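Residue-level structural notes
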Amino acid sequence: MNEQQTQTMQSLLAKYPDVAPCEEDIKHTFALLKQTYDQGGKVLLCGNGGSASDCEHIVGELMKGFMSKRPLPQSLRDRFKELFPQEGDFLTDHLQGALPAISLVSHTSLMTAFMNDVSSEMVFAQQVLGYGKPGDSLIGLSTSGNSANVVRAMQVAKALGMNTIGMTGQGGGKLAQLCDVTIRVPEPITPDIQERHLPIYHALCILLEKEYFG
């Protein structure tokens, strides 16, 4: 990590000292996500209930400017102006650099059809099968670590050669046995776990943004 990224980690731990036991796993998670983006890959996310909302939240921070404006590279700005001389400035001024991320919880028609016709336990797994490529990353959020549909998705991700990342409570559950890295918040109660997941994934999004957009 560079100096700016180290400062981000220090700020996280200063504000939330109870997540200090997760420090190395957070750094490992950052390294896996960086590996994915360095290779031109994408991040998939899944979870249930409040964790489903966290998936949407994370995508919102990765796919547009979070703490910085993320201007487009000059080569792409020039291309827009070449193709659309009258509108090139508007296009380039209203687009931001993105880190590709897909929340699997959003696809209502696909999910309800698959849950009704096949299996609710396998709905995220089906999406991972369709979207996932070797080197991509799957982040599964489950406070218990035992959410069946998240566990099945991780099994498919491993079979596809994806990086597998879990965010859980202190036990880790089945995800801790499946994932390349599991960030286990040292709390046993769901709302307490979720309250600590948020600053952790905010820190990860800031670290990634600083890595790719300065």
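One structure accompanies this document, and this report is about it. (Residues numbered from 1 in each chain as written. Predicted model: local features only at pLDDT ≥ 70, side-chain atom pairs only at ≥ 80, totals over all residues. Heavy atoms only, no water.)

**Section: the overall build of the protein chain**
Looking only at helices and strands, one finds 10 helices and 5 strands in the protein chain. Over its C-alpha trace the protein chain gives a radius of gyration of 18 Å, about what one expects of a compact globule, namely 17 Å for 214 residues. For the C-alpha atoms alone, the extent of the protein chain along its principal axes is close to 55 × 50 × 30 Å. Evaluated residue by residue, the protein chain yields a buried proportion of 45% over its 214 residues. In the protein chain, the proportion of contacts linking residues at least 24 apart, taken out of those at least 6 apart, comes to 71%. Roughly 10,300 Å² of accessible area belongs to the protein chain as shown, and the carbon and sulfur atoms make up 52% of that amount. Separation between the mean location of the 17 positive side-chain charges and that of the 23 negative ones in the protein chain comes to 3 Å. (Helix = DSSP H or I, 4+ residues; strand = E, 2+ residues; numbered from the N terminus. Rg over C-alpha atoms; globule rule 2.2 N^0.38 Å. Buried < 20%, exposed > 50% of the residue type's maximum accessible area, 1.4 Å probe, protein only. Contact = heavy atoms within 4.5 Å. Areas by Shrake-Rupley, 256 points an atom, 1.4 Å probe, with all protein chains shown as cover. Lys, Arg positive; Asp, Glu negative; His and termini not counted. Charge placed at Lys NZ, Arg CZ, Asp CG, Glu CD.)

**A word on the sheet that holds strand E1 (residues 43-47)**
Spatially, 5 strands are ordered E2-E1-E3-E4-E5 in an open sheet, and the strand pairing comes out parallel. Two strands in the sheet have a free side with no partner beyond their single neighbour: strand E2 (101-103) and strand E5 (181-184). Sheet twist, expressed as the mean angle between neighbouring strand axes with direction ignored, is 15°. Across 5 bridges, strand E3 (residues 137-141) lies against strand E4 (residues 163-168) in parallel orientation. Note that in E4 the partner of Leu141 across the bridge is Met167. Together, E1, E2 and E3 form the strand contacts of helix H3 (residues 50-62), whose direction differs from that of E1 by roughly 155°. Across the sheet, helix H8 (residues 148-160) is in contact with E1, E3 and E4; its angle to E3 comes to roughly 165°. (Pairing = 2+ DSSP bridges. Axes fitted to C-alpha atoms, helices over the stretch in contact; angles between N-to-C directions.)

**Observations concerning empty space enclosed by the protein**
Scanning all chains against the criterion turns up 1 cavity of 30 Å³ or more. Of the pockets and cavities examined, the largest cavity occupies roughly 80 Å³. In terms of lining, the largest cavity is formed by Leu33, Tyr37, Val43, Ile58, Leu62, Ile139, Met167, Tyr201, Leu204, Cys205 and Leu208. The greatest single-element share of the lining of the largest cavity, amounting to 4 residues, is contributed by helix H10 (residues 190-213). (1 Å grid on protein atoms, 1.4 Å probe; cavity = no way out; pocket = protein on both sides within 12 Å on 5 of 7 lines; lining within 4 Å. Points joined across faces, edges and corners; volume = space filled by probe spheres on them.)

**Things to note about the pattern of salt bridges**
The tally for this structure, following the rule as stated, stands at 14 salt bridges. The partner of Asp93 in a salt bridge is Arg77, with the nearest N and O atoms 3.1 Å apart. Linking Asp93 in helix H5 (residues 88-93) with Arg77 in helix H4 (residues 74-83), this pair joins segments that are 16 residues apart in sequence. Note that Glu187 is salt-bridged to Arg196, the shortest N-O span being 3.5 Å. The class of Glu187 is buried, set by a relative accessible area of 16%. Residue Arg196 is classed as buried on the basis of its relative accessible area of 17%. The network of salt bridges with common partners includes Asp18, Glu187, Glu195 and Arg196. (Salt bridge = Lys/Arg side-chain N within 4 Å of Asp/Glu carboxyl O.)

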